[in-house]
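Here is what each chain is made of, one letter per residue.
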Amino acid sequence: MERLKKYLLPMICVAFFGEIYFYPFSSSLRFSAGIIVLSLIILIQDNVSEFYASVFSGIMVFILRSLIDVLYANTSIENIMRYNLPSAAYYLTYGLLAAAFMVRRYKSHILAGIILLSAVDSLSNIAEALIRDRYV
């Protein structure tokens, strides 16, 4: 329970900033400000795990987007799930890669950190696009 409390506020921030987004390729893939907030949390808060922060953020983004769709979209729960689950997969992939590449080790090397986070983000976007293309 203590772990959840430590991650609750960052998760909520990521989820709400995740609702500031745009569609760059006229597709269902969206780029959001949520990942900027998550990246800052990972780099600034040494007491949170990159993996857990990403997983919990992905869950919160999925829940918030699904609730918004339930309230405002005229579609089935199945379609809402199919449309929003790839976003959660993006955050899961981001967390796995951020932990695997140990991005925190590069926070004092700004250029290397930016390049590494860009690579993690790009690979996560590819994973999401592959999942989204297959199921949506």
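As the structure is a prediction and not an experimental result, all values here were calculated from the model. (Residues numbered from 1 in each chain as written. Predicted model: local features only at pLDDT ≥ 70, side-chain atom pairs only at ≥ 80, totals over all residues. Heavy atoms only, no water.)

**Q** How do you make sense of the environment of Gln 45 when you look at a structure like this?
**A** Here Gln 45 lies in the loop between helix H2 (34-44) and helix H3 (50-72). When its relative accessible area of 30% is taken as the criterion, Gln 45 is described as partly exposed. Separated by 59 residues in sequence, Gln 45 and Arg 104 place their C-alpha atoms 9.7 Å apart. In this structure Gln 45 touches Pro 10, Leu 40 and Arg 104, once residues within four positions along its chain are discounted. (Helix = DSSP H or I, 4+ residues; strand = E, 2+ residues; numbered from the N terminus. Buried < 20%, exposed > 50% of the residue type's maximum accessible area, 1.4 Å probe, protein only. Contact = heavy atoms within 4.5 Å.)

**Q** Before we go on, may I ask you to explain the side chain of Ser 66 in this structure?
**A** Looking at the secondary structure, you find Ser 66 in helix H3. Within polar-contact distance, the side chain of Ser 66 engages the backbone oxygen of Phe 62 at 2.8 Å. (Polar contact = N/O pair within 3.5 Å; in protein donor to acceptor, adjacent residues only side chain to side chain.)

**Q** Could you clarify how one ought to interpret helix H4 (residues 77-100) in this entry?
**A** In an α-helix, one full turn covers 3.6 residues, which means residues spaced three or four apart are oriented alike. The first and last C-alpha atoms of H4 sit 34 Å apart over 24 residues, in line with the 34 Å expected at 1.5 Å per residue. Along H4, the sharpest change in direction is near 30 degrees and occurs at Asn 84; proline Pro 86 comes one to four residues later. Residue Met 102 follows H4 closely and has a positive phi angle near 50 degrees. (Expected span 1.5 Å × (residues − 1). Bend = angle between axes of the 7 residues up to and from the residue.)

**Q** Any chance you could explain the packing of H3 against H4 here in plain terms?
**A** Two measures define how a pair of helices packs: the angle their axes make with one another and the distance between the axes. H4 packs onto H3 with a crossing angle of 165 degrees between their chain directions and a minimal axis gap of 8 Å. The angle between the axes of H3 and H4 places the two elements in the roughly antiparallel class. When you trace H3 past H4, the crossing you get is right-handed. Counted by class, the contact of H3 with H4 contains 17 nonpolar, seven polar and three charged residues. (Axes fitted to C-alpha atoms, helices over the stretch in contact; angles between N-to-C directions. Parallel < 35°, antiparallel > 145°, perpendicular 65-115°, else oblique. Left-handed = near helix turned anticlockwise from the far one by under 90°. Nonpolar A, V, L, I, M, F, W, Y, C, P; charged D, E, K, R; others polar.)

**Q** Just checking my understanding: could you explain helix H1 (residues 2-17) for this structure?
**A** A rise of 1.5 Å per residue sets the reference length of H1, with its 16 residues, at 22 Å; its end C-alpha atoms lie 24 Å apart and thus fit the reference within 8%. Of all the bends found along H1, the most pronounced is centred on Leu 8 and spans about 40 degrees, while Pro 10, a proline, follows it within four residues. Buried-residue contacts for H1 involve H2, H3 and H4.

**Q** What should I look at first to understand the nonpolar core in this one?
**A** A general feature of soluble globular proteins is that nonpolar side chains tend to end up buried together. Val 14, Leu 38, Tyr 91, Tyr 94 and Val 103 are the most contacted members of the largest nonpolar core, which totals 24 residues. Only H1, H2, H3, H4 and helix H5 (110-135) provide two or more residues apiece to this core. With residues up to four places along the chain from it excluded, the contact list for Tyr 91 reads Val 14, Ser 32, Gly 34, Ile 35, Leu 38, Ser 54, Ser 57, Gly 58 and Val 61. (Core = buried A, V, L, I, M, F, W, Y, C linked by side-chain atoms within 4.5 Å.)

**Q** Explain unusual backbone geometry here, please?
**A** Of all residues except glycine, most have a negative phi; of all peptide bonds, most are trans. Of note, Met 102 is a non-glycine position whose phi angle comes to about 50 degrees, a positive value. Residue classification places Met 102 among the partly exposed residues on the basis of a relative accessible area of 40%.

**Q** Help me understand the side chain of Arg 132, please; the structure alone is not making it clear to me.
**A** Among the secondary structure elements, Arg 132 is positioned in helix H5. Of note is the side chain of Arg 132, whose polar atom sits 2.8 Å from the backbone oxygen of Tyr 83. A polar side-chain atom of Arg 132 sits 3.2 Å from a polar atom in the side chain of Ser 87.

**Q** Quick question: what am I supposed to make of the packing of aromatic side chains here?
**A** Ring pairs (aromatic) are described by centroid distance and by the angle formed between their planes. Under the definition given, this model contains eight aromatic pairs. Seen from their ring centres, Tyr 21 and Tyr 23 are 5.6 Å apart, and the 80 degrees between their planes marks the pair as edge-to-face. With relative accessibility at 35%, the residue Tyr 23 sits in the partly exposed group. The interplanar angle of 35 degrees and the centroid separation of 6.0 Å between the aromatic rings of Tyr 90 and Tyr 94 together place this pair among those described as tilted. (Phe/Tyr/Trp six-rings, centres within 6.5 Å; stacked < 30°, edge-to-face > 60°.)

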